[in-house]
Amino acid sequence: MSNEAQAQKISAGQGFIAALDQSGGSTPKALGLYGVTEDDYNSDAEMFDLIHGMRARIAEAPAFTGDKVVGAILFEMTMDREIAGKSTPAYMWEEKGVVPFLKVDKGLEAEANGVQLMKPMPELDTLCERAAAKGVFGTKMRSVISAANSDGIRAIVAQQFMVGEQIIGHGLMPIIEPEVTISIADKSEAEDILLAELTSALDALPADQQVMLKLTLPNKANQYQTLVNHPRVMKVVALSGGYARDEANAKLAENSGMIASFSRALTEGLSAKQSDADFNDKIAGSIDSIYQASIAG
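If you're wondering where the values come from, they're calculated on a predicted model, not measured in any experiment. (Residues numbered from 1 in each chain as written. Predicted model: local features only at pLDDT ≥ 70, side-chain atom pairs only at ≥ 80, totals over all residues. Heavy atoms only, no water.)

Asker: Before we go on, may I ask you to explain the overall build of the protein chain in this structure?
Answerer: The helix and strand tally for the protein chain stands at 12 helices and 11 strands. Looking at the protein chain as a whole, 52% of its 297 residues qualify as buried. By sequence separation, contacts in the protein chain at least 24 residues apart represent 73% of the contacts at least 6 residues apart. Element-wise, carbon and sulfur atoms account for 48% of the exposed surface of the protein chain, whose accessible area totals about 11900 Å². Side-chain charges of the protein chain comprise 26 positive and 40 negative groups, with the mean position of each set lying 3 Å from the other. (Helix = DSSP H or I, 4+ residues; strand = E, 2+ residues; numbered from the N terminus. Buried < 20%, exposed > 50% of the residue type's maximum accessible area, 1.4 Å probe, protein only. Contact = heavy atoms within 4.5 Å. Areas by Shrake-Rupley, 256 points an atom, 1.4 Å probe, with all protein chains shown as cover. Lys, Arg positive; Asp, Glu negative; His and termini not counted. Charge placed at Lys NZ, Arg CZ, Asp CG, Glu CD.)

Rendered as structure tokens:
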């Protein structure tokens, strides 16, 4: 795989990044929305087989191509499995023209100072080595902000950039994701603090380094425009954060230069019970609507 070609695909940004990285904790809910209940499987192994089947069905849909989907974030088990006889990262890039990323965080610590930092990742170097060997272009790691607490948000950004430096050392592109919870009363204030902290951290990066940012759709349109234009940022992508697809698309379209990286909003309306024709029509409509919102700005 060509890192240069993948970097160009992402930086050009004519499309969006599909988030196909539901973890073990969120898989039952994702399957439930897909019409697969906990009565339909008897073990974690069966559960992960079913979620991989859903992801593979999405990836194999005719509309899922690099024309509108520039990247896909994979769960570790997804990276290690196959689609249509190829490793998932190879299938994504070689068959679909979609740049593969990998979720690397191991979940969240208990909340302190209004935020949840990432749990330790002692296996990160080994995981990055495996990912690079499989042709993965970059990584994603998530923290959560639940209050406009300056100390907490500063700690989140510091941790994200520290781990990001480690990931860059493996030749991978880190997606830094400090998610702001959409339901908090002081969301706008949290976003102002986050903007300042991210700007400071980006300004401190060496001139030859870049990161990507995955940010909650902001209350104020173009809140993060200076980050979109920052020379140390390859791309700013937006998470849907629980917004339904239509609302997420409308909010995204107000933010120039941001593209989507949706999970639940992407799979909304899909069902295991749909025929292949109905499923492919539904995912095609979802992909097109998110693509249009991503290029609207």
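Asker: I tried to follow the packing of aromatic side chains on my own but got confused; where do I start?
Answerer: A full pass over the atoms with the stated rule returns three aromatic pairs. With 6.1 Å between their ring centres and 20° between their planes, Phe48 and Phe75 make a pair best called stacked. Of this pair, Phe48 sits in helix α3 (residues 44-60) while Phe75 sits in the loop between β2 (69-74) and α4 (76-80), and the two are 27 residues apart along the sequence. Residue classification places Phe75 among the buried positions, given a relative accessible area of 13%. Its guanidinium or amino end placed over the ring of Phe279, Arg57 lies 4.1 Å from that ring's centre, counting from NZ or CZ. (Phe/Tyr/Trp six-rings, centres within 6.5 Å; stacked < 30°, edge-to-face > 60°. Lys NZ or Arg CZ within 6 Å of the ring centre and 35° of its normal.)

Asker: Please explain the nonpolar core as it appears in this structure.
Answerer: Proteins that are soluble and globular tend to have nonpolar side chains buried together. Counting 80 residues, the largest nonpolar core has Phe64 and Leu213 as its most contacted members. For Leu213, the contacting residues outside a window of four places in its chain are Ile175, Ile176, Leu198, Leu202, Leu227, Val233, Lys235, Val236 and Val237. (Core = buried A, V, L, I, M, F, W, Y, C linked by side-chain atoms within 4.5 Å.)

Asker: Explanation requested: the packing of helix α6 (residues 124-133) against helix α7 (residues 150-168) in the structure shown.
Answerer: Helix-helix packing: each pair is described by the crossing angle between the helix axes and the interaxial distance. At a closest axis distance of 10 Å, the pairing of α6 and α7 adopts a crossing angle of 45°. When the interaxial angle is binned, α6 and α7 end up oblique. Our pair here, α6 against α7, has a crossing hand that is right-handed. Mapping the contact onto sequence places Leu124, Asp125 and Cys128 in α6 and Val163, Gln166 and Ile167 in α7. Classifying every residue of the contact of α6 with α7 by side-chain character gives four nonpolar, one polar and one charged. (Axes fitted to C-alpha atoms, helices over the stretch in contact; angles between N-to-C directions. Parallel < 35°, antiparallel > 145°, perpendicular 65-115°, else oblique. Left-handed = near helix turned anticlockwise from the far one by under 90°. Nonpolar A, V, L, I, M, F, W, Y, C, P; charged D, E, K, R; others polar.)

Asker: Before we go on, may I ask you to explain helix α8 (residues 187-203) in this structure?
Answerer: Quick reminder: α-helices carry 3.6 residues per turn. Residues three or four places apart thus point the same way. The terminal C-alpha atoms of α8, which comprises 17 residues, lie 24 Å apart, in line with the 24 Å expected from a rise of 1.5 Å per residue. Those residues of α8 not exposed but buried are Lys187, Ala190, Glu191, Ile193, Leu194, Leu195, Glu197, Leu198, Ala201 and Leu202. On its buried face, α8 sits against β7 (138-145), α7, β8 (173-180), β9 (211-216), α9 (225-228) and β10 (233-239). (Expected span 1.5 Å × (residues − 1).)

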